[in-house]
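Listed below, chain by chain, are the residues.
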Amino acid sequence: MKNLVFLTGAGMSAESGISTFRDSGGLWEQYPVEAVASIQGYERNPQLVQNFYNQRRAQLSSVHPNEGHRLVASLQDQYHVTVVTQNVDDLHERAGSRNIIHLHGELMKATSSRNPNDTSCIVTLPKENPIIKMGDKAKDGSQLRPFIVWFGESVPMIEPAIAEVSKADILVVIGTSLNVYPAAGLLNFTNPHCQIYLIDPKQVPYNPTLGIHHIMKGASEGMKELCDILKKT
Ligand code: APR
């Protein structure tokens, strides 16, 4: 089986009703990213940050995977698929994708504020009440915090992601502005024979020497076109 790797961003979940970050009306227009998505912001005002993620977590119960997520999962029958996602929602999981690397954490999980990557402290929040309150403790006695990689923090999952991308026969980038590193740098780890596709309705800055096939459509329509292309290869 050929290795098929997806690199997805917020645009993958846009058709499910989850705001992207940098489109007009995006999340970073409504909230100062430094205040709600950086380690400094959390240390300055942890309650504000807890509220921000509690709101985003509450929204998850009312959104569902879209056709794009479902088509990504459907390719697991013909390829060895790895989904490397910058998204913290669980829509790839809910669509049936099994091999997922979350580069920026997971909204439905919480962890230690003393050592966020201590796996013994990472817990899944209850679906019926996925709220973290100040005073809730992690296993190590520290304040429980969102299991999210904030700006200013390390991205421990980048190494396994690089390993998968470097083995990819096909890389499909969906719904990311390629603004944020190290995630955006993954494209440079593809080997020369890797076919790279980009699914995004807008132009996205990428290295022109990579020979990328840009399907200028949304995630669902773009994945339909990609599946047709893959059937012919
Ligand atoms: N289908 C596919 N792509 C879409 C759609 C759609 N329906 N709608 C918008 N897009 C594209 C936009 O054109 C844009 O290129 O999705 C991309 C969204 O870019 P961003 O909002 O920057 O999101 P992303 O690239 O995932 O951000 C990366 O930044 O703030 C951090 O941690 C956060 O993981 C996030 C990271």
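Residues numbered from 1 in each chain as written. Predicted model: local features only at pLDDT ≥ 70, side-chain atom pairs only at ≥ 80, totals over all residues. Heavy atoms only, no water.

Looking at the overall build of the protein chain
Scanning the protein chain from terminus to terminus reveals nine helices and nine strands. Relative to the compact-globule value of 17 Å for 233 residues, the protein chain shows a C-alpha radius of gyration of 18 Å, a close match. Its C-alpha atoms give the protein chain principal-axis dimensions of about 55 × 35 × 30 Å. Counting all 233 residues of the protein chain, 53% fall into the buried class. Residue pairs in contact within the protein chain that sit at least 24 positions apart in sequence constitute 64% of those at least 6 positions apart. For the protein chain, the exposed area adds up to about 10,800 Å²; of that, 55% sits on carbon and sulfur atoms. Counting 21 positive and 23 negative side-chain charges, the protein chain places the centres of these two groups 2 Å from one another. (Helix = DSSP H or I, 4+ residues; strand = E, 2+ residues; numbered from the N terminus. Rg over C-alpha atoms; globule rule 2.2 N^0.38 Å. Buried < 20%, exposed > 50% of the residue type's maximum accessible area, 1.4 Å probe, protein only. Contact = heavy atoms within 4.5 Å. Areas by Shrake-Rupley, 256 points an atom, 1.4 Å probe, with all protein chains shown as cover. Lys, Arg positive; Asp, Glu negative; His and termini not counted. Charge placed at Lys NZ, Arg CZ, Asp CG, Glu CD.)

A word on the sheet that holds strand β1 (residues 3–8)
Strand order in the open sheet made by the six strands is β3-β2-β1-β7-β8-β9, with parallel pairing throughout. The open sheet has two edge strands, β3 (100–102) and β9 (213–215), and neither has a second partner. The sheet shows a mean angle of 15° between the axes of neighbouring strands, taken without regard to direction. This element, helix α9 (residues 219–232), spans β1, β7 (170–174), β8 (195–199) and β9 of the sheet and lies at about 155° to β8. (Pairing = 2+ DSSP bridges. Axes fitted to C-alpha atoms, helices over the stretch in contact; angles between N-to-C directions.)

So, empty space enclosed by the protein
Following the criterion strictly, the structure yields one cavity of 30 Å³ or more and no others. One number sums up the size of the largest cavity: a volume of about 110 Å³. Around the largest cavity sit 13 residues that line it, and Ile 18, Arg 56, Asn 87, Val 88 and Asp 89 are the ones nearest its centre. Taken together, the residues of the lining of the largest cavity sort by class into six nonpolar, five polar and two charged. Residues lining the lining of the largest cavity come from more than one domain, with at least three contributed by each of domain 1 (1–18 + 66–104 + 156–233) and domain 2 (20–62 + 109–148). (1 Å grid on protein atoms, 1.4 Å probe; cavity = no way out; pocket = protein on both sides within 12 Å on 5 of 7 lines; lining within 4 Å. Points joined across faces, edges and corners; volume = space filled by probe spheres on them. Nonpolar A, V, L, I, M, F, W, Y, C, P; charged D, E, K, R; others polar. Domains from an automatic or database assignment.)

Describing the packing of aromatic side chains
Tallied over the full model, the rule gives six aromatic pairs. Ring geometry for Phe 21 versus Trp 28: centroids 4.9 Å apart, planes at 35°, classification tilted. An aromatic cluster of at least three residues, connected via ring pairs, comprises Phe 21, Trp 28, Tyr 31, Tyr 42, Phe 52, Tyr 53 and Trp 150. (Phe/Tyr/Trp six-rings, centres within 6.5 Å; stacked < 30°, edge-to-face > 60°.)

As for the side chain of Gln 86
On the secondary structure map, Gln 86 appears in the loop between β2 (80–85) and α7 (91–95). For Gln 86, the contacting residues outside a window of four places in its chain are Leu 7, Thr 8, Gly 9, Leu 103, His 104, Thr 176, Val 180 and Ala 183.

Considering the site of the ligand
Near the ligand, the surroundings consist of 23 residues, among which Arg 22, Trp 28, Thr 176, Ser 177 and Asp 200 are the closest. Contact distances for the ligand include 3.0 Å between a nitrogen atom and a side-chain N or O atom of Glu 15. Gln 86 places a polar main-chain atom, nitrogen or oxygen, 3.2 Å from an oxygen atom of the ligand. In the complex, 92% of the free accessible area of the ligand, which totals 740 Å², lies under the protein chains. A breakdown of the residues in the shell around the ligand according to their chemical character gives nine nonpolar, nine polar and five charged. (Near = heavy atom within 4 Å. Polar contact = N/O pair within 3.5 Å; in protein donor to acceptor, adjacent residues only side chain to side chain.)

Some words on the layout of surface pockets
One number sums up the size of the largest pocket: a volume of about 780 Å³. Lining the largest pocket are 43 residues; nearest its centre among them are Ala 10, Phe 21, Arg 22, Thr 176 and Ser 177. For the lining of the largest pocket, the secondary structure elements donating two or more residues are α1 (11–14) and α5 (46–60). Across the lining of the largest pocket, the residue classes break down as 23 nonpolar, 13 polar and seven charged. Two domains each donate at least three residues to the lining of the largest pocket, and these are domain 1 (1–18 + 66–104 + 156–233) and domain 2 (20–62 + 109–148). Here the second largest pocket is characterised by a volume of approximately 340 Å³. Every residue lining the second largest pocket is counted, 20 residues in all, and those nearest its centre are Asn 117, Phe 147, Val 149, Pro 156 and Met 157. Contributing elements (two or more residues each) for the lining of the second largest pocket: β3, β4 (105–112) and β6 (144–148). Taken together, the residues of the lining of the second largest pocket break down into eleven nonpolar, five polar and four charged. Both domains that furnish three or more residues to the lining of the second largest pocket are identified here as domain 1 (1–18 + 66–104 + 156–233) and domain 2 (20–62 + 109–148).

Distances and angles like these do not, on their own, reveal function.
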